[in-house]
Amino acid sequence: MTTLDQTTEEVLRLAAEHFKVPRAELNPADDFFTKLGINSLQALDLLTRLEQHFRIELPDYELQGVSDFRTLAKRIQSRL
Amino acid sequence: MLDLHHYHCLGEALRAALDRWPEQTCLIEADRERENARLTYRQFRQAALPVVNALQGAGLRNGSRAAIIMTNQSKWLISAYAIFFSGGVLIPLDYKLSPHDQLALLAHAKAEVLIVEYHLWRAITQSPQFPTFAARTVLVTEAPATADLAGAQRWEECRDASEPTFVPRKRHDPACIVYSSGTTGRPKGCVLTHENYLEQCMALTSLYPFWPGVRYLSILPTNHAIDFMVGFIGPFVCGATVIHLRTLRPEYIRDAFVRYQITYVTVVPAILKALEQNLRKRFSDLSATQQKMLQALIRLNRALTRGCPHVGISRTLLKQVHASFGGALRALFVGGAFTEPSTLQFFYDLGIPVANAYGCTEAGTAITVNDLRPFRADTVGKPLPGSEIKIIDAGEDGIGQVAVRSKTVMSHYLDDPELTAETLVDGWLMTGDLGRVDRTGHLQLFGRVKNMVVTEEGKNVYPEEIEAAFEGLPVKETCVFAANYVWQERNMAGDELVLVIHPEPGSPIQHDLVRQISSRNRQLLNYKRVGGYLLWEQDFPRTASLKILRAVLAEQIREKLGRERVAPL
């Protein structure tokens, strides 16, 4: 059973890899729009990468109102 | 297409379309690789009957207001048709707004009925403001079997398929109330009549016709004025097919082009840019020889399409590029916000015409559109047939406020005669945008007279809407501006919001305050966030009732400080 902390760590690792930033620069409470300098379309792109990794389906609306890695990880965790 | 001169209201025209092309496919709903629904015009009509009966049974009658809050999907259009069939006034609300804003707009519009997707309804019922909710009938789509619906009915359980009574409306009756901003402070509910829509539809289809066999890819939310017209009313009254995609992810958008051989699509600049970046990346992955060949073909295509598009020639010359868009694409429409001319030129050079349009909700949908004869990347095109534009208080450079007169212009703002009087003057709509008309009749835009920003995703944000997020900071006073309103650089690019801070005398800005500002900023929806802050050491000018005199403050700031003084957040 994956814990929320493990899911969060995976989300941070994949986001760092996807947007080519050092993993150490990202923290669970970071706002990914600001920290990664991305718009909502690019955030959706990350969602696809996360779906593939966790083998789940995340509708676009799951990103609505979410802007930090920790909350994103929680949305994923609830579907694992 | 139907001759819309003969119809009095949208319900009547849509009903005629459903009878005219019974065997044509009218709607396909796709989600990633899956197809959720495929309906002919006859099946669409059948699917709408139970919803019409449910609405009429719940008391929806001539002039009753019914709201829809849904993502892009087939039930949106079926519900809208059911509302129009019953003589109702449709309130299309943005599903991306917060439940708090949605409840405020539902209350402002006095909606009697709400049709909503389950996950959005769940968020609304969990809002602290839910006790203010007053609509007497709620239909919820796609709710899980065990879900608590807080008194709502299931859309899918409407089963009465008997023939209901059609309720006609007159041309000047309201068809929709469309909110042009999500503000809870002063909602701008544009009351658009049936005539506004019928006239707009005739004007747009005279330039970009639809016909049975045309496949329109709908990826913008249907509540958006553009998609409502170009992805619903326009294709339907012409017997065309609308393809809904329930995701905005660029990779699925690209797949849909190919799978459904799309003819037209409307995008906002952010999506167009994502498509451009993908193509540029693919081009850069080619070998040096292939790149040289591609550039030569692009140059040849540019020369052959200088006067007007020739899609047949372009598809032959740049076969692989066109194949990646399905091979049947005739034009991309782009609007809702400023698009970089270089992006428009990039697509046109590949033989994919981009019809750059300009409009606002108050004017129905579009005011001008590029007719591609010839293509111009530096303008937003000429006025649509039936629309006139004039430039008010033009300077020596010919630039002034754009005003529009057209049968497509809204009737008024709901319950706001003061704002209506400021915006509709002697039959002209004051757009608040700065423009110039060139010798060939094309409109060029240069910025805004009004204090607002439009994001690349086509969202209007009024600074007043978000000031509440910064209330209570340990400073003397704060105010939010659109940067292009303060520093009028005659430029449509670089729209961003700036927080102006007047610190308490003798209290310099500390790191902790900046941290608080950032934290408050993050709580806003991402497109509503301020891009930076500016320190201002004087009292804000205010009226006797202590309202900030924004125009005066903006002028004072402009005179004393440059835009480079804005500290990024």
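Cut-off values and rules
- Residues numbered from 1 in each chain as written.
- Chains lettered and ligands numbered in written order.
- Predicted model: local features only at pLDDT ≥ 70, side-chain atom pairs only at ≥ 80, totals over all residues.
- Helix = DSSP H or I, 4+ residues; strand = E, 2+ residues; numbered from the N terminus.
- Rg over C-alpha atoms; globule rule 2.2 N^0.38 Å.
- Buried ≥ 20, exposed ≤ 12 C-beta atoms within 10 Å, placed from the backbone.
- Contact = placed C-beta atoms within 7 Å.
- Pairing = 2+ DSSP bridges.
- Domains from an automatic or database assignment.
- Nonpolar A, V, L, I, M, F, W, Y, C, P; charged D, E, K, R; others polar.
- Axes fitted to C-alpha atoms, helices over the stretch in contact; angles between N-to-C directions.
- Parallel < 35°, antiparallel > 145°, perpendicular 65-115°, else oblique.
- Left-handed = near helix turned anticlockwise from the far one by under 90°.
- Core = buried A, V, L, I, M, F, W, Y, C linked by C-beta atoms within 7 Å.

A. The arrangement of the overall build of chain B in detail. When helices and strands are counted, chain B shows 18 helices and 28 strands. In terms of overall dimensions, chain B is globule-like: its C-alpha atoms have a radius of gyration of 24 Å, near the 25 Å expected for 569 residues. Overall, the C-alpha framework of chain B stretches about 75 × 65 × 50 Å when taken along its three principal axes. For chain B, with 569 residues in total, the buried portion stands at 51%. When contacts within chain B are restricted to residue pairs at least 6 apart in sequence, long-range pairs at least 24 apart make up 69% of them.

B. Highlighting the overall build of chain A. The helix and strand inventory of chain A stands at 4 helices and 0 strands. Taking 80 residues into account, the globule formula puts the C-alpha radius of gyration at 12 Å, and chain A, at 11 Å, falls close to it. Each principal axis of the C-alpha distribution contributes one length, and for chain A these read about 30 × 25 × 20 Å. When each of the 80 residues of chain A is scored for burial, the buried share is 21%. Residue pairs at least 24 apart in sequence account for 53% of intrachain contacts in chain A once pairs closer than 6 positions are excluded.

C. How the structure looks around the sheet that holds strand β28 (residues 567–568) of chain B. Residue and element names in this part refer to chain B. Spatially, 4 strands are ordered β25-β26-β27-β28 in an open sheet, and the strand pairing comes out mixed. This sheet does not close on itself; its edge strands, each paired only once, are β25 (477–482) and β28. Note: strand β26 (residues 497–502) against strand β27 (residues 532–535), 4 bridges, orientation parallel. Bridge pairing in β27 links valine 500 to leucine 534.

D. Up close: the domain arrangement of chain B. Residue and element names in this part refer to chain B. Domains assigned within chain B are domain 1 (4–265), domain 2 (268–448) and domain 3 (462–568). Taking the mean C-alpha position of each, domain 1 and domain 2 sit 26 Å from one another. Counting residues at the interface gives 36 residues for domain 1 and 36 residues for domain 2. Looking at the side of domain 1 that touches domain 2, the elements that each hand over two or more residues are β8 (174–179), β9 (189–193), α6 (194–207), α7 (225–236), α8 (250–259) and β12 (264–267). Among the elements that make up the side of domain 1 that touches domain 2, the one with the highest residue count is α6 (9 residues). Counted by class, the side of domain 1 that touches domain 2 contains 24 nonpolar, 8 polar and 4 charged residues.

E. The interface of chain B and chain A, seen in detail. Taken together, the contact pairs 15 residues of chain B with 12 residues of chain A. Secondary-structure elements contributing two or more residues to the side of chain B that touches chain A are α8 and α9 (269–284) of chain B. Broken down by element, the residue count for the side of chain B that touches chain A peaks at 3 residues, all from α9(B). Class assignment of the residues belonging to the side of chain B that touches chain A gives a composition of 5 nonpolar, 4 polar and 6 charged.

F. Representation of the packing of helix α2 (residues 41–57) of chain B against helix α3 (residues 74–85) of chain B in the model. All names here are of chain B. Two elements in contact, α2 and α3, have axes separated by 8 Å at closest approach and are oriented at 55°. In terms of orientation, α2 lies oblique with respect to α3. Here α2 runs over α3; the crossing is right-handed. Across the interface between the two elements, Phe44, Ala47, Ala48, Val51, Val52 and Leu55 from α2 touch Ile78, Ser79, Tyr81, Ala82, Ile83 and Phe85 from α3. Taken together, the residues of the contact of α2 with α3 sort by class into 11 nonpolar, 1 polar and no charged.

G. Broad picture of the environment of Pro221(B). Residues and elements named next belong to chain B. Position of proline 221 among the secondary structure elements: in the loop between β10 (215–218) and α7. Sequence separation between proline 221 and valine 52 is 169 residues; the distance between their C-alpha atoms is 23 Å. Apart from the residues lying within four places of it in its own chain, the contact partners of proline 221 are Thr71, Asn72, Asp94, Tyr95 and Asp227.

H. Inspection of the pairing of strand β15 (residues 366–369) of chain B at higher detail. Looking at chain direction, strand β14 (residues 354–359) of chain B and β15(B) are connected through 3 bridges and run antiparallel. Note on β15(B): the bridge partner recorded for Ala357(B) is Val369(B).

I. Expanded view of the environment of Glu464(B). Inspection of the secondary structure assignment puts Glu464(B) in helix α15 (residues 463–466). Considered as a pair, Glu464(B) and Asn451(B) are 13 residues apart in the sequence and their alpha carbons are 8.9 Å apart.

J. View of unusual backbone geometry. Residues and elements named next belong to chain B. Of the consecutive residues arginine 373 and proline 374, the connecting peptide bond is found in the cis state with omega at 0°. Along the chain, proline 374 turns up in the loop between β15 and β16 (382–383). The backbone of leucine 372 sits at a positive phi, close to 65°, despite the residue not being glycine. With respect to the helices, strands and loops of the structure, leucine 372 is situated in the loop between β15 and β16. For leucine 372, a count of 20 C-beta atoms within 10 Å puts it in the buried group. You will see that aspartate 426, though not glycine, has its phi angle at about 50°, which is positive. Along the chain, aspartate 426 turns up in the loop between β20 (424–425) and β21 (428–437).

K. Up close: the sheet that holds β16(B). Residue and element names in this part refer to chain B. A sheet is described by the order of its strands in space; here 9 strands give the open sequence β2-β1-β11-β10-β12-β13-β14-β15-β16, paired in mixed fashion. Every interior strand has two partners, whereas the edge strands, β2 (34–40) and β16, have only one. Two elements, β10 and strand β11 (residues 241–245), share 4 bridges in a ladder whose sense is parallel. When the sheet's bridge partners are listed, arginine 215 is paired in β11 with threonine 241.

L. Seen up close, the nonpolar core. Residue and element names in this part refer to chain B. Residues Ala66, Ala67, Leu90, Val237 and Leu332 are the most contacted members of the largest nonpolar core, which totals 166 residues. The dominant element in this core, judged by the number of residues it contributes, is α3, at 9 residues. Two domains share this core, each providing at least three of its residues, namely domain 1 (4–265) and domain 2 (268–448). Look past the residues within four positions of alanine 67 in its chain and what remains in contact with it is Ile91, Leu93, Leu106, Ala109, Ala111 and Leu114. Counting 30 residues, the second largest nonpolar core, distinct from the first, contains Val454, Val461, Tyr462 and Leu497.

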